[in-house]
Amino acid sequence: MSTPAVDTSKSHLIPDCLARPGDDPIFALNAEAGRRAKAGESIVNATLGALMEDDGRLATMPVVAEALAAVPPERGAAYAQIAGDPPFLLAVVRDLFGDGPLAAQSVAAATPGGTGALYHAIVSFLKPGDALLTTSYFWGPYKTIAQHTGRKVETFPMFGADGRLDAGGLAKALAAQVRRQGRALVLLNSPCHNPTGYSLDEAEWQAVAAALREAATVAPVTLCVDFAYARFGAGDPLSWVKAIEPLLGDVLLLVAWSASKAFAQYGARIGALVASHPDPAARERIFSALSFSCRGTWSNCNHLGMLAITELLRDPALRARADRERARLRGLLDERVAAFNAGAQRLGLRHPRYEGGFFVTAFTADGERAAERMRELGVFVVPLPGAVRVALCGTPTRDVPRLVEALAEGVRAAGG
Ligand SMILES: Cc1ncc(COP(=O)(O)O)c(C=O)c1O
């Protein structure tokens, strides 16, 4: 829809806000899929990033509902501390680093989901006008947050000709950025990258570490690991620590932690930004900056959710139950991943290495055309430049063969 020209001098909205797109394109596609399904069509909706049971209901973890219900009302109703309650922050740090050396060198602040953590990373470690650096395929809200806060996004080619992370591309882009900006924030979403499903292996993390180490000799470099889907990968979600830990101090490490997917509790908005640095004075300054940012943005976070997730992280019996219930959800997803990989191989679809996670992408010459052709077949995916994103998290296993057939047809219609 074209927007009529507005006389900016007469608008109450400031010029930057005049032409903001109000609807998220993924939610718009999801709404269309919903409308057609309601009208009686057989629809496969692989657009939204929430894990659904095979019968179409949202997958939840009963232990989470119980932990929420067990919070005394007068505690849940009270304000949380500005930067988050210390037991919650400690539990998140331990969830990541256990009792290891990184835990002792970390501070954290509570945020509304991983999104809030990314917001804190972008506003605290980049100046207005600076650009963050991420992979050429990335989660759209990185750009929304950057734009909203007067920052930008720059990318490096995610995959080299061998289908692996283009670490040379990262090193080149990062070297240019530290020279130009005098600082850099590298944002990497692994394991289970959204939208590609890709998880970096140890050799790729070592190559990332080499690029970061080199750039950090020129200017301050921060690495932010977006950990949103980490509990749904095939291997150790913390396999990157070995490569990154030796850089600590030269490189600031951030982790954007989220309970949204890990506890199938998207609506409670529980997350944290964890920052690791060996210097206690630097840590204190970072903690103060994050606290200030909390106060100036959302004041404090959902206390009820924070208290419940704290118990789930630190009570051994509850934690074990949560792990078991999550393992069932991962099993559900893994069946779909296996069905996708088998079908994609049979039909010759091109896609990144995919071992687990909510999404995968199929490469195509024209993502828009491929997705359009697929919609004609009643299958909804999200178009990207040069690819389409498939949310297997929302696709029942029985529908995966139909989805893969439609993908092959969409890619054919798009010219390959
Ligand atoms: C790549 C990525 N990072 C972070 C998030 C943050 O999620 P939330 O704010 O719900 O924790 C999401 C959610 O979809 C995501 O896809």
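Counting starts from 1 at the beginning of each chain's written sequence and moves along it residue by residue. The predicted origin of the model limits local features to residues at a pLDDT of at least 70 and limits the giving and counting of side-chain atom pairs to 80 or more, whereas totals for whole chains, interfaces and linings rest on all residues. Note that water and hydrogens are dropped before the side-chain values are worked out from all heavy atoms of the structure.

Asks: Help me understand the sheet that holds strand β3 (residues 131-135) in this model?
Replies: Hydrogen bonds between backbone atoms are what pair the strands of a sheet, whose relative direction is either parallel or antiparallel. Strands are labelled as partners when DSSP assigns at least two bridges between them. Note on conventions: DSSP H or I runs of at least 4 residues are helices, E runs of at least 2 residues are strands, and numbering of each starts at the N terminus. On the basis of which strands lie adjacent, the open sheet formed by seven strands has the order β2-β8-β7-β6-β5-β3-β4 and mixed pairing. The outermost strands of the open sheet, each flanked by one partner alone, are β2 (106-111) and β4 (152-156). Going from strand to strand, the sheet's axes swing by 25 degrees on average, the running direction of each strand aside. Strand direction decides the pairing type here: β3 and strand β5 (residues 184-189), joined by two bridges, are parallel. Within β5, the residue paired with Thr-134 across the bridge is Leu-187. This element, helix α7 (residues 141-148), spans β3, β4, β5 and β6 (221-226) of the sheet and lies at about 140 degrees to β4. The axes used here are C-alpha line fits, helices contributing only the stretch in contact, and every angle between their N-to-C directions lies in the interval 0 to 180 degrees. Residues are treated as being in contact if the distance between any of their heavy atoms lies within 4.5 Å.

Asks: Explain the packing of helix α8 (residues 167-181) against helix α9 (residues 202-216) to me, please; I cannot follow it from the model alone.
Replies: Helix-helix packing is described using two parameters, namely the angle between the two axes and the distance between the axes. Running from N to C, α8 and α9 point in directions that differ by 15 degrees, and their axes come no closer than 9 Å. One way to sum up the angle between α8 and α9 is to call them roughly parallel. Relative to α9, α8 is oriented so that their crossing is right-handed. The segment α8 lies against α9, with Ala-167, Leu-170, Ala-171, Leu-174 and Val-178 engaging Ala-207, Val-208, Ala-211, Leu-212 and Ala-215. Each residue gets one label: Ala, Val, Leu, Ile, Met, Phe, Trp, Tyr, Cys and Pro are nonpolar, Asp, Glu, Lys and Arg are charged, and the others, such as Gly, are polar. When grouped by side-chain class, the residues that make up the contact of α8 with α9 number 10 nonpolar, no polar and no charged. Orientation categories follow fixed angle ranges, with anything under 35 degrees roughly parallel, anything over 145 roughly antiparallel, 65 to 115 roughly perpendicular, and all other angles oblique. What makes a crossing left-handed is the near helix being turned counterclockwise from the far one by less than a right angle; a clockwise turn instead makes it right-handed.

Asks: Where do I start with the site of the ligand in this structure?
Replies: What surrounds the ligand is a group of 14 residues, the closest being Gly-114, Thr-115, Asp-226, Tyr-229 and Ser-258. Contacts described as polar in this section are N or O atom pairs within 3.5 Å, which, within protein, must combine one atom able to donate a hydrogen with one able to accept it, while residues neighboring in sequence count only if both atoms come from side chains. Contacts to the ligand include Gly-114, whose backbone N or O atom sits 2.6 Å from an oxygen atom. Note that an oxygen atom of the ligand is positioned 3.5 Å from one of the side-chain N or O atoms of Trp-139. Protein chains bury 93% of the 400 Å² of accessible surface belonging to the ligand in isolation. Elements represented by at least two residues in the shell around the ligand include exactly α6 (113-125) and α11 (259-262). Looking at which element gives the most residues to the shell around the ligand, the answer is α6, with four residues. A per-class count over the shell around the ligand returns four nonpolar, seven polar and three charged. Definition of nearness: a residue and a molecule or strand are near each other if at least one heavy atom of the residue lies within 4 Å of the molecule or strand. The method behind every accessible area is Shrake-Rupley, applied with a 1.4 Å probe, and residues are considered shielded solely by the protein chains displayed.

Asks: How should I be thinking about α7 in this particular structure?
Replies: Residues that lie three or four places apart on an α-helix share one face, since the helix turns once every 3.6 residues. Each residue is placed in one exposure class: buried if its accessible area under a 1.4 Å probe, protein chains only, is under 20% of its type's maximum, exposed if it is over 50%, and partly exposed if it falls in between. Listing the buried residues of α7 in full gives Tyr-142, Ile-145 and Ala-146. Here the buried residues of α7 occupy an arc of 100 degrees about the axis, which is enough to place them on one side. Of the residues in α7, the exposed ones pointing more than 90 degrees away from the buried face are Gln-147 and His-148. Elements in contact with the buried residues of α7: α6, β3, β4, β5 and β6. Phi turns positive one or two residues past the end of α7, at Gly-150, with a value near 75 degrees. Working note: the arc is built from the helix axis to C-beta atom directions.

Asks: Help me understand the packing of aromatic side chains, please; the structure alone is not making it clear to me.
Replies: Two rings belonging to Phe, Tyr or Trp (six-membered ring only in the last case) form a pair when the distance between their centres is within 6.5 Å. Interplanar angles under 30 degrees mark stacking, angles over 60 mark edge-to-face geometry, and anything in between is tilted. Per the counting criterion, the structure on display carries 15 aromatic pairs. Summarising the aromatic geometry, the rings of Phe-340 and Tyr-354 are spaced 5.9 Å apart at their centres and angled 85 degrees between planes, so their arrangement reads as edge-to-face. With Phe-340 in helix α14 (residues 316-347) and Tyr-354 in the loop between α14 and β9 (359-363), this residue pair connects regions lying 14 residues apart in the sequence. Between the aromatic rings of Phe-358 and Phe-359, the centroid separation amounts to 6.4 Å while the plane-to-plane angle is 55 degrees, which identifies the pairing as tilted. Both residues of the pair, Phe-358 and Phe-359, count as buried. Among the aromatic side chains, those forming a connected cluster through ring pairs are Tyr-137, Phe-159, Tyr-198 and Phe-363.

Asks: Explain unusual backbone geometry to me, please; I cannot follow it from the model alone.
Replies: Excluding glycine, a negative phi dihedral is what most residues carry, and trans is how most peptide bonds are arranged. With omega at 0 degrees, the peptide bond leading from Ser-190 into Pro-191 counts as cis. Mapped onto the elements, Pro-191 comes out in the loop between β5 and α9. Note the cis peptide between Asn-194 and Pro-195, where omega equals 20 degrees. Relative to the helices and strands, Pro-195 resides in the loop between β5 and α9. With phi around 45 degrees, Ala-264 is a residue other than glycine that occupies positive phi space. On the secondary structure map, Ala-264 appears in the loop between α11 and β8 (271-276). Not every positive phi belongs to a glycine, and Ser-299 is a case in point at roughly 70 degrees. Assignment of secondary structure puts Ser-299 in the loop between α12 (280-297) and α13 (303-314).

Asks: For this particular structure, what's the right way to read the sheet that holds strand β12 (residues 387-391)?
Replies: Strand order across the open sheet formed by three strands is β9-β12-β11, with antiparallel pairing between neighbours. Edge positions in the sheet fall to β9 and β11 (382-384), since each of these pairs with one other strand and no more. Strand-to-strand twist across the sheet, computed as the mean angle between neighbouring axes with direction ignored, equals 30 degrees. Inspection of the sheet shows β9 paired to β12 by five bridges, in the antiparallel sense. Residue pairing for β12: Phe-363 is matched across the bridge by Ala-387.

Worth remembering: the numbers are spatial, not functional.
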